[in-house]
Amino acid sequence: MLEVLQVAKRYGEVWAVREITVRVAAATCLVLLGQNGAGKTTALRCMAGLLEPTSGRVRVGGVDSREDPDAVRAQVGLVPEVPGLYERMSARSYLDYFGRVYGLDRPTRDRRIGELLDLFGLSAAADRWLGTYSKGMRQKVALIRATMHRPRLVLADEPTSALDPDSARVAWSYLEGLRREGSALVVCTHDMEEADALAGEIGIMAGGLLLAAGDRERLIRAAGLKKHRQVIERPTLEEVYLAIIGKRTESEARPA
Amino acid sequence: MKLDRRKVLLVAERDFRDAAGDFRLALAMAGLAAVVPVGVGFAIRALVVFGGGLTDLVQRVSIVGAFFVVFLPASYSLVLALESFVGERERATLEVLLSTPLREAEIYAGKVASVLGIALVLCFGALFVYCAVTFPGLGYFPLGILVSLGVSTICQVAAMVAGAVIVSANARTMRAANVMASFIILPMSVVLQVEAGLILVGRGELLWGFAAAMAVGAFILLRMGLRGFSREALLSRETGGRDRLRGALRAVAAAFRNAPSGPALLRARAGPILSALAAFPLGAVLGYLAAGLLPAGIARPLVAGVRSAGAPSDPASAALGIFGHDLFAVILAGALAAVTVGLTGYLLTAVPGAVLGYLAAASSWGLALTGILPAALVEIPIAAIAGGLAIHIGATVIHMEREGGWTRRLLAAEAELAKALLWLAPLILLGAILKAYLG
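K.L.:
Explain the overall build of chain A here, please?
P.N.:
Secondary structure assignment for chain A yields 10 helices and 10 strands. Taken along its principal axes, the extent of the C-alpha atoms in chain A is 60 × 45 × 30 Å. Counting over 256 residues, chain A shows a buried share of 54%. Once local pairs closer than 6 in sequence are excluded, the contacts in chain A between residues at least 24 apart make up 65%.

See the structure below:
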């Protein structure tokens, strides 16, 4: 579904992403972990057809983002870190607007909007202006907006960072449902527990580089934890993450 | 350029509803668009009643009043247009809009259409209210001028909106957009004052000329916006641009280093140089024709000035003076080319041509040509080359590409002229010496 081949992105003199390669099949999920400024958001924007890579290629559903970025964006649902809602619109009219932008017909729009507002517990507030919504409610609306057209690829940047545990559980369960229905997911998060539960594959980014990517076992090997520790229990994802990031920090600190 | 009209209208409708949804803003705009025309209309009627009837002056003032009430709502369009992209960027809604399958042209056209729609509804609403209050019962209704005012308003608002949307798409903050809006407000205020002056002196028919000029300006700006609008550039700027001063200085140095010179430059800029050269005979014809139209009070001092400049007492100091003047003219033309869209490049050759034509009309072509030879053989090609490079600068200003690089291209164009001055300056000096000693 998603192929990111040797993608690099430079802003002026700063390389935000350096030659990353990942593949995400339909009905699978890749979780990207990394510190702030690791290049996750830029990588997502390149995958979403929002930014053209400085080098390398992005293909979504076989469509090259350089050749037909509009077709790529039509297949993608992007949940940015900041919900970015129009404050003087009600949730219903906001979602209806984006439903029209994505070319959904009226009955489909009405049905999907009703279903999703119910699912996220927003039906009672559906006709209130978005400016009056709490941070968590906004994040839910952003998630609905990005996925109401059933995109083949969902790109989510910290989709549950403002949600309470109960709402976060609903959101993760909804994303998991989308994955089961066939959507490919790429999620950036700092929530290791959820990442562990959701991810088929995990990518760890730092300084624009994809330091390691793969399933949990592969990451454990990449972190070198099996060599150094004789542990009976599996290391947690957080330990794996810290080990991989730590290795990079050590190599950067080492004098040439 | 593919453009789905339904999607353009979708974007326009949302923006329109967003502006109208802010009741304080909507009330202020609608209120001023209604109250001001009523006030001005009653003032005109009071002038008729207490100022000695419907005199010629009152008639002209009534048209200036129409002009005023139409322009006031047009100025709101500037605020709305400036807010169109930079406002969305500040509210973090831009990324969401750009992540949709909407094409760049659809987003841009939708935003322009929304602001244009609001502005024109307010402008023509205000004009309607003004006419309804002012003219009934007066036995006077300047339909022709009001139509020309209406058309020129459409063109002016379109030019302002298109320009402001470009500013909005290129600014990072609303504050920066407001500052950059001066580039629209200042020329527009000059245009408005000239138009008001023309109405007051009874030459309202010339508004059609302004309408045509504004239509051309609006077309150029809309084209620039459509060609230059890029979601890539909008999002890249949010994280790009470290150490801008050093980057800019490096870009200037690189542009100067890489600029073509000599024959390569003449080949590369043959088009603009030839068009600058063509402005010389055109200027001569216009100067010749103008000789019959200019009042003698203006013409005599002009001719005397030109003759005295061409007959100095000390050739060495005269050569130095001519050299300084010509060099300054070339530098000024290059510096102003960016803000005059290359017009100064044409003036470099057209103005000497016009003076020659004028002198020819005052005496004869033979005498006029003899007067400028042989220095003109050097000066006119120099003016054409410098003018061509200034025209190229102007063309760079109004050319935008999706990939960006507008500043880099402008710097490169300015660098071409700067580098050319290294060999043009000695030629200017040669022309000045020829003029001082042989002219």
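K.L.:
Explain the side chain of Lys9 of chain A to me, please; I cannot follow it from the model alone.
P.N.:
Residues and elements named next belong to chain A. Counting through the fold element by element, Lys9 comes out in strand β1 (residues 2–11). Judged by its relative accessible area of 4%, Lys9 falls in the buried class. For Lys9, the side chain forms a polar contact with the main-chain oxygen of Glu52, separated by 2.8 Å.

K.L.:
Teacher, can you tell me more about helix α16 (residues 343–362) of chain B here?
P.N.:
The periodicity of an α-helix, 3.6 residues per turn, causes residues three or four places apart in sequence to face the same way. Residue and element names in this part refer to chain B. Between its first and last C-alpha atoms α16 spans 27 Å; for 20 residues at 1.5 Å apiece the expected length is 28 Å, and the two agree. Along α16, the helix axis deviates most sharply at Thr349, where the bend reaches about 30°; the proline Pro352 sits within four residues downstream. Turning to α16, its buried residues number three or more, namely Thr344, Gly345, Leu348, Thr349, Ala350, Gly353, Leu356, Gly357, Tyr358, Leu359 and Ala360.

K.L.:
I would appreciate a short explanation of the packing of helix α15 (residues 315–337) of chain B against helix α19 (residues 406–438) of chain B in the present structure.
P.N.:
For any two helices packed against each other, one specifies the inter-axial angle together with the distance between the axes. Residues and elements named next belong to chain B. Where α15 meets α19, the closest approach of the two axes is 8 Å, and the angle between their N-to-C directions is 155°. As summarised for this structure, α15 and α19 are arranged roughly antiparallel, according to the angle between their axes. Remark: the crossing between α15 and α19 carries right-handed chirality. Where α15 abuts α19, its residues Pro315, Ala316, Ala318, Ala319, Ile322, Phe323, Asp326, Leu327, Val330, Ile331 and Gly334 lie against Glu414, Leu417, Leu421, Ala425, Ile428, Leu429, Ala432, Ile433, Lys435, Ala436 and Tyr437. Of the residues belonging to the contact of α15 with α19, the class tally is 18 nonpolar, one polar and three charged.

K.L.:
Help me understand the nonpolar core, please; the structure alone is not making it clear to me.
P.N.:
Buried together is how nonpolar side chains tend to be arranged in soluble globular proteins. Met47, Tyr94 and Val186 of chain A are the most contacted members of the largest nonpolar core, which totals 166 residues. Dropping the residues within four chain positions of it, Tyr94 of chain A is found in contact with Gly84, Leu85, Tyr86, Met89, Leu130, Val141 and Arg145 of chain A together with Val96 of chain B. Residues Ala337, Leu348, Val397 and Leu410 of chain B belong to the second largest nonpolar core, which totals 25 residues.

K.L.:
Looking at this structure, I do not really get the pairing of β1 of chain A. What am I missing?
P.N.:
Where a strand is regular, its side chains alternate between the two sheet faces. Residues and elements named next belong to chain A. When β1 meets strand β2 (residues 14–24), the two strands line up antiparallel, connected through seven bridges. Bridge pairing in β2 places Glu3 opposite Arg23. Here β1 folds back onto β2, and the loop between the two strands holds two residues, one of which, Gly12, carries a positive phi near 60°. Sheet analysis places β1 next to strand β4 (residues 55–60), joined by five bridges and oriented antiparallel. Bridging across to β4, Leu2 finds its partner in Val60.

K.L.:
Honestly, the sheet that holds strand β6 (residues 76–79) of chain A in this entry has me stumped. Any pointers?
P.N.:
Note: strands within a sheet are paired through backbone hydrogen bonds, in either parallel or antiparallel orientation. All names here are of chain A. Reading across from one edge, β6-β7-β8-β3-β9-β10 is the order of the six strands in this open sheet, with mixed pairing throughout. A single partner strand is all that each edge strand has here, and the edge strands are β6 and β10 (209–214). Going across the sheet, the axis of each strand differs from the next one's by a mean of 15°, ignoring polarity. Packed on one face of the sheet, helix α1 (residues 40–47) meets β3 (29–34), β6, β7 (153–157), β8 (184–188) and β9 (201–206) and runs near 155° to β7. Sheet contacts for helix α5 (residues 135–147): β6 and β7; angle to β6, the most-contacted strand, approximately 170°.

K.L.:
Looking at this model, I keep getting lost on the interface of chain B and chain A. Mind explaining?
P.N.:
Interface extent is often summarised as the accessible area lost during association of the parts. In this complex, chain B contributes 31 residues to the contact, which on the side of chain A involves 30 residues. The contact between chain B and chain A buries some 2,800 Å² in all, and 58% of this surface belongs to carbon and sulfur atoms. Taken together, chain B and chain A are joined by seven residue pairs in polar contact (both at pLDDT 80 or more). At the level of elements, α1 (5–21), α4 (94–98) and α10 (231–236) of chain B are the ones that each hand at least two residues to the side of chain B that touches chain A. For the side of chain B that touches chain A, the element with the most residues is α1 of chain B, which contributes eight residues. When grouped by side-chain class, the residues that make up the side of chain B that touches chain A number nine nonpolar, seven polar and 15 charged.

K.L.:
Would you mind showing me how to read the state of the cysteines here?
P.N.:
In protein chemistry, a disulfide is the covalent bond that joins the sulfur atoms of two cysteines. Inspection of every chain in the model, using the stated rule, returns zero disulfides over all chains. This cysteine, Cys29 of chain A, is not joined by any disulfide, and Cys188 of chain A carries the nearest cysteine sulfur, 10 Å off. The exposure class assigned to Cys29 of chain A is buried, which follows from its relative accessible area of 3%. Here Cys123 of chain B stays free of any disulfide, with the sulfur of Cys155 of chain B as its closest cysteine sulfur at 12 Å. For Cys123 of chain B, a relative accessible area of 1% translates into the label buried.

K.L.:
Got a minute to help me understand the sheet that holds strand β5 (residues 63–64) of chain A in this structure?
P.N.:
With antiparallel pairing, four strands are arranged side by side in an open sheet as β2-β1-β4-β5 (chain A). Taken across any chain shown, the strands that pair with only one partner, and hence form the sheet edges, are β2 and β5 of chain A.

K.L.:
It is not clear to me how the pattern of salt bridges should be interpreted in this structure. Could you clarify?
P.N.:
Any two side chains of opposite charge can pair, given that their charged atoms come close. Scanning all chains against the criterion turns up 32 salt bridges over all chains. In this structure, the salt-bridge partner of Arg150 of chain A is Glu181 of chain A, at a minimum N-O distance of 2.9 Å. Here Glu181 of chain A lies in the loop between α6 (165–180) and β8 and Arg150 of chain A lies in the loop between α5 and β7, a separation of 31 residues in the sequence. Between Glu104 of chain B and Arg231 of chain B there is a salt bridge whose closest N-O contact spans 3.4 Å. Linking Glu104 of chain B in helix α5 (residues 104–134) with Arg231 of chain B in helix α10, this pair joins segments that are 127 residues apart in sequence. Owing to a relative accessible area of 2%, Arg231 of chain B belongs among the buried residues under this scheme. Each of Arg88 of chain A together with Arg14, Asp15, Asp18, Glu88 and Lys111 of chain B takes part in one network of salt bridges that share partners.

Conventions used here
- Residues numbered from 1 in each chain as written.
- Chains lettered and ligands numbered in written order.
- Predicted model: local features only at pLDDT ≥ 70, side-chain atom pairs only at ≥ 80, totals over all residues.
- Heavy atoms only, no water.
- Helix = DSSP H or I, 4+ residues; strand = E, 2+ residues; numbered from the N terminus.
- Buried < 20%, exposed > 50% of the residue type's maximum accessible area, 1.4 Å probe, protein only.
- Contact = heavy atoms within 4.5 Å.
- Polar contact = N/O pair within 3.5 Å; in protein donor to acceptor, adjacent residues only side chain to side chain.
- Expected span 1.5 Å × (residues − 1).
- Bend = angle between axes of the 7 residues up to and from the residue.
- Axes fitted to C-alpha atoms, helices over the stretch in contact; angles between N-to-C directions.
- Parallel < 35°, antiparallel > 145°, perpendicular 65-115°, else oblique.
- Left-handed = near helix turned anticlockwise from the far one by under 90°.
- Nonpolar A, V, L, I, M, F, W, Y, C, P; charged D, E, K, R; others polar.
- Core = buried A, V, L, I, M, F, W, Y, C linked by side-chain atoms within 4.5 Å.
- Pairing = 2+ DSSP bridges.
- Buried area = accessible area lost by both parts, 1.4 Å probe.
- Disulfide = S-S within 2.5 Å.
- Salt bridge = Lys/Arg side-chain N within 4 Å of Asp/Glu carboxyl O.

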